[in-house]
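Observations on the model geometry
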Amino acid sequence: GFCRNCLAKWMVLEARKLSKQLRSDDKLTDRYIKEGETCLDIANTLNNWGYEDAAKIVYGCTYAEWKKRHQSKATEEQL
C-alpha cells in the first residue's frame, strides 16, 4: 500500500515544480498561448494548489470528511 497523506503532499510538491517549469520554459509558454490558455494562468493555478485540493482527489472528499466517516477513536491500548 501507500500513505494517502504522503501521496497528497507529493502531488502538491509536483504541482509547484510544474508551476516553476511553466514559468521558465518559453517553449511551453508558446504552446499554451496557442491553445488559448496563458501559461501564467496555469502556473498560478498549480502554484496555489494546496494539500486540501490534493486530499480531495486522493480521498474522494476532504480529509476532515474522510476522518469523520472512517476514523474511530483510539482505544486505551492504542494510546
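Residues numbered from 1 in each chain as written. Predicted model: local features only at pLDDT ≥ 70, side-chain atom pairs only at ≥ 80, totals over all residues. Heavy atoms only, no water.

A word on the overall build of the protein
Each helix and strand counted, the protein has 5 helices and 0 strands in total. In sequence order, the protein lays out its α and β elements as α-α-α-α-α. Among the 79 residues that make up the protein, the fraction classed as buried is 25%. Contacts in the protein between residues at least 24 apart in sequence constitute 57% of all its contacts with a sequence separation of at least 6. Only carbon and sulfur atoms are counted for the fraction: they give 52% of the accessible area of the protein, which is about 6,300 Å². (Helix = DSSP H or I, 4+ residues; strand = E, 2+ residues; numbered from the N terminus. Buried < 20%, exposed > 50% of the residue type's maximum accessible area, 1.4 Å probe, protein only. Contact = heavy atoms within 4.5 Å. Areas by Shrake-Rupley, 256 points an atom, 1.4 Å probe, with all protein chains shown as cover.)

Some details on the packing of aromatic side chains
Taken as a whole and assessed by the stated rule, the structure comprises 3 aromatic pairs. With a centroid separation of 5.2 Å and 55° between ring planes, the pair formed by Tyr59 and Tyr63 is classed as tilted. By relative accessible area, which is 12% here, Tyr59 ends up buried. A relative accessible area of 22% places Tyr63 in the partly exposed class. Relative to Trp66, the ring of Tyr63 lies with its centre 6.3 Å away and its plane at 10°, an arrangement referred to as stacked. With a gap of 3 residues between them, Tyr63 and Trp66 both fall in helix α5 (residues 63–70), about one helical turn apart. Ring-pair connections join several aromatic residues into one group, and the members of that group are Tyr59, Tyr63 and Trp66. (Phe/Tyr/Trp six-rings, centres within 6.5 Å; stacked < 30°, edge-to-face > 60°.)

Focus on the side chain of Ser19
Looking at the element boundaries, Ser19 is found in helix α1 (residues 4–24). Excluding anything up to four places from it in sequence, Ser19 contacts Ala43, Leu46 and Asn47.

As for helix α3 (residues 39–48)
Within α3, the full set of buried residues consists of Cys39, Ile42, Ala43 and Leu46. Taken down its axis, α3 places every buried residue within 100° of arc, on the same side. Exposed positions of α3 whose direction lies more than 90 degrees from the buried face are Thr45 and Asn48. (Arc of directions from axis to C-beta.)

A word on the confidence of the model for the protein
Chain-level statistics for the protein give a pLDDT mean of 84 and a share of 84% at 70 or above. Per-element averaging of pLDDT across the protein places helix α2 (residues 26–34) at the bottom with 63 and helix α4 (residues 51–59) at the top with 92. (pLDDT = per-residue confidence, 0-100.)

Focus on the state of the cysteines
By definition, a disulfide links the sulfur atoms of two cysteine residues through a covalent bond. Taken as a whole, this structure holds 0 disulfides when the rule is applied. Cys3 takes part in no disulfide bond, and the closest cysteine sulfur to it belongs to Cys6, at a distance of 3.2 Å. (Disulfide = S-S within 2.5 Å.)

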